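# Secondary and tertiary structure notes
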Amino acid sequence: MMNSVPMVEIWRGPFLESVHNGHAVICDDTGQIVDAWGNPDQVVLSRSASKMIQALPLVTSGAAEAAGLKPEHLALACASHRGAPLHTEWVTAWLSNLGLTDHDLRCGAHFPYDAPTEQAMRRAGETPCQYHNNCSGKHAGFLTLTRHLRAGPEYIETDHPVQKAVLEAFERVTGETSPGFGIDGCSAPNFAGSLHAMARAMAHFAASPEGSPEATLHRAMRLHPEFVAGEGSACTELMRATKDKVVIKTGAEGFYNAILPDQKLGIALKISDGATRASECAIAAILVKLGVLEPDHPAAARLMNAPILNRREIVTGWIRPGPALL
């Protein structure tokens, strides 16, 4: 993480206590950099922020149409959902329509991020299934493509036709040859690229014509922000705050991508230390800077001037954008 810049500040009373450094790039529809912070050439793993790229072969192959997928399914294919009933009911029905079950997923199980659902499951002594995994929608998309290609069941292997198609899509929209991959939390390969390349890919999505696979995916995400993440999440709140005109997608370790179709712009953001509190603050500040998010909207205020509470619920400090983002 060379040549990063201060992006988010943590204040405790009158004292600047901590600073989160990072990188960000804004690209236009020609792939040129409109604005940047830090190092645009920094190689990154975009993690779940690249799910709309991973979902592209699902649409370009004809698999989505053949399976009769609705916009809600496509939003789930791009989602890091919270495992609320809304999400798990759609995923389980999707698998059932394919003649598949939880056993066919390869994402692993974890308790839902949706607090009421998690608490209810723990009280009932229930064990989470793979469909509770925040990536289960992406994996249902992978399985749909697997079925369409008549490929084998181990769809997360790098030499599987599904992941070969994902790599081809990734390199096509980023305009770069990926230098390699890491294995994501859901066991799927996550291909690396420069931050500039990720912003260029988001701008490519933003500028794609109506009816294209890229536009079909980002339209589904904008129409159904509740499927992309869920209640209480920054992605869902910020998409609603921008009146569903912007796609905002987080990834683990402090990553955010954004697609701005009206402006034909793409954004990629990486916080060097991987802090989610900083990435949420920084992406909100950039959206305000671009004029697509009102600074006094409750979602913007919550993320850009986030109070830090102690154990007695007393406000002891604030999470705020650094001067570079203001």
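Scroll up a little and you will see the structure.
Residues numbered from 1 in each chain as written. Predicted model: local features only at pLDDT ≥ 70, side-chain atom pairs only at ≥ 80, totals over all residues. Heavy atoms only, no water.

### Topic: the overall build of the protein
- Scanning the protein from terminus to terminus reveals 14 helices and 11 strands.
- Dimensions of the protein, computed from C-alpha atoms along their principal axes, come out at roughly 60 × 50 × 35 Å.
- Of the contacts formed within the protein by residues at least 6 apart in sequence, a portion of 62% connects residues at least 24 apart.
- Per element, the accessible surface of the protein, about 13,500 Å² overall, is 52% carbon and sulfur.
- Measuring between centres, the 28 positive side-chain charges of the protein sit 3 Å from its 34 negative side-chain charges. (Helix = DSSP H or I, 4+ residues; strand = E, 2+ residues; numbered from the N terminus. Contact = heavy atoms within 4.5 Å. Areas by Shrake-Rupley, 256 points an atom, 1.4 Å probe, with all protein chains shown as cover. Lys, Arg positive; Asp, Glu negative; His and termini not counted. Charge placed at Lys NZ, Arg CZ, Asp CG, Glu CD.)

### Here's the deal with the sheet that holds strand E6 (residues 189–194)
- Ordered by their spatial adjacency, 3 strands build an open sheet running E4-E6-E5, and the pairing between neighbours is antiparallel. With partners counted over all chains shown, the strands left at the sheet margins are strand E4 (43–45) and strand E5 (181–183), one partner each. Each adjacent strand pair in this sheet contributes to an overall mean axis angle of 30°, direction not counted.
- Note: E4 against E6, 3 bridges, orientation antiparallel. Within E6, the position partnered with Val 44 by the bridge is Gly 193.
- Contacting E4 and E6, helix H9 (residues 195–207) runs over the sheet at an angle of about 105° to E6. (Pairing = 2+ DSSP bridges. Axes fitted to C-alpha atoms, helices over the stretch in contact; angles between N-to-C directions.)

### Section: helix H12 (residues 234–241)
- Across the 8 residues of H12, 6 count as buried, placing the element largely inside the fold.
- Every buried residue belonging to H12 is among Ala 234, Cys 235, Thr 236, Leu 238, Met 239 and Ala 241, and all of these are buried.
- Packing partners of the buried residues in H12 comprise helix H10 (213–223), helix H11 (225–228), strand E7 (247–251), strand E8 (255–260), helix H13 (276–289) and helix H14 (298–304).
- At the C-terminal side of H12, Lys 243 shows a positive phi close to 60°. (Buried < 20%, exposed > 50% of the residue type's maximum accessible area, 1.4 Å probe, protein only.)

### Looking at the environment of Gly 99
- Its place among the elements puts Gly 99 in the loop between helix H5 (85–97) and helix H6 (115–123).
- The class of Gly 99 is exposed, set by a relative accessible area of 62%.
- Considered as a pair, Gly 99 and Leu 69 are 30 residues apart in the sequence and their alpha carbons are 15 Å apart.

### Some details on the pattern of salt bridges
- Under the definition given, this model contains 9 salt bridges.
- With a shortest N-O distance of 2.9 Å, Glu 17 and Arg 12 are connected by a salt bridge.
- Between Arg 47 and Asp 184 there is a salt bridge, with the nearest N and O atoms lying 2.7 Å from each other. Remark: Asp 184 occurs in the loop between E5 and E6 and Arg 47 occurs in the loop between E4 and helix H1 (51–54); sequence separation between them is 137 residues.
- Connected via shared salt-bridge partners are Glu 168, Arg 172 and Glu 214. (Salt bridge = Lys/Arg side-chain N within 4 Å of Asp/Glu carboxyl O.)

### A short note on the packing of aromatic side chains
- Following the criterion strictly, the structure yields 4 aromatic pairs and no others.
- Consider the rings of Phe 170 and Phe 191, whose centres lie 6.1 Å apart with planes at 45°: the pair is tilted. Linking Phe 170 in helix H8 (residues 161–174) with Phe 191 in strand E6, this pair joins segments that are 21 residues apart in sequence. Phe 191 shares its class with Phe 170; the two are buried.
- Judged by centre distance (6.1 Å) and plane angle (70°), the ring pair of Phe 181 and Phe 191 falls under edge-to-face. Here Phe 191 lies in strand E6 and Phe 181 lies in strand E5, a separation of 10 residues in the sequence.
- We classify Phe 191 as buried; its relative accessible area is 6%. (Phe/Tyr/Trp six-rings, centres within 6.5 Å; stacked < 30°, edge-to-face > 60°.)

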